[in-house]
Amino acid sequence: MLAEIRGRSQITIPAEIIRCLGISEGDKFDITEKDGGIFLCPVVVYPKDKIAKTAKIIKESEADIKTQKAFESVEDLFADMGIDV
């Protein structure tokens, strides 16, 4: 497919590619140049506060894992819970 650079360095991505990749207005791309080619890679950008909150949840869950019991069988798990099988 052929595309032409327009004013303000804009290029229109053909509709067929947009549909195929599920791209929509406002999506973000990482743009790189390599060996004379231009490469666009779709990316998702998350706000810093969401990343910090997610990191905190992961850190807390890692601490929880260290204190959890491991059971040899489902029956042992049920027995620990006070459930007769």
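Look a little higher up for the structure.
Residues numbered from 1 in each chain as written. Predicted model: local features only at pLDDT ≥ 70, side-chain atom pairs only at ≥ 80, totals over all residues. Heavy atoms only, no water.

1. Some remarks on the overall build of the protein
Summing up its helical and strand segments, the protein has three helices and two strands in all. Beginning at the N terminus, the succession of helices and strands in the protein can be written as α-β-β-α-α. Counting all 85 residues of the protein, 2% fall into the buried class. In the protein, of all internal contacts separated by at least 6 residues, the share reaching a separation of at least 24 is 3%. Total accessible area computed for the protein in this model is approximately 8300 Å², and 57% of it derives from carbon and sulfur atoms. The averaged location of the 16 negative side-chain charges in the protein is 11 Å from the averaged location of its 12 positive side-chain charges. (Helix = DSSP H or I, 4+ residues; strand = E, 2+ residues; numbered from the N terminus. Buried < 20%, exposed > 50% of the residue type's maximum accessible area, 1.4 Å probe, protein only. Contact = heavy atoms within 4.5 Å. Areas by Shrake-Rupley, 256 points an atom, 1.4 Å probe, with all protein chains shown as cover. Lys, Arg positive; Asp, Glu negative; His and termini not counted. Charge placed at Lys NZ, Arg CZ, Asp CG, Glu CD.)

2. Thoughts on a nonpolar patch on the surface
A cluster of nonpolar side chains, F71, L77, M81 and I83, forms an exposed patch at the surface whose accessible area comes to about 330 Å². In this fold, M81 is placed in the segment after α3 (74–80). (Patch = residues over 30% accessible without salt bridge, like charges linked within 9 Å, V, L, I, M, F, W, Y side chains within 5 Å. Salt bridge = Lys/Arg side-chain N within 4 Å of Asp/Glu carboxyl O.)

3. Focus on unusual backbone geometry
The backbone phi angle of R8 is positive, close to 55°, even though this residue is not glycine. With respect to the secondary-structure elements, R8 resides in the segment before α1 (15–21). In this model, D35 sits at a positive phi of 50°, which is unusual for a non-glycine residue.

4. Section: the pairing of strand β2 (residues 37–43)
As judged from the seven bridges shared by strand β1 (residues 28–34) and β2, these two strands associate in the antiparallel manner. Note that in β2 the partner of I31 across the bridge is L40. Where β1 hands over to β2, the hairpin turn is made up of two residues, of which D35 adopts a positive phi near 50°. (Pairing = 2+ DSSP bridges.)

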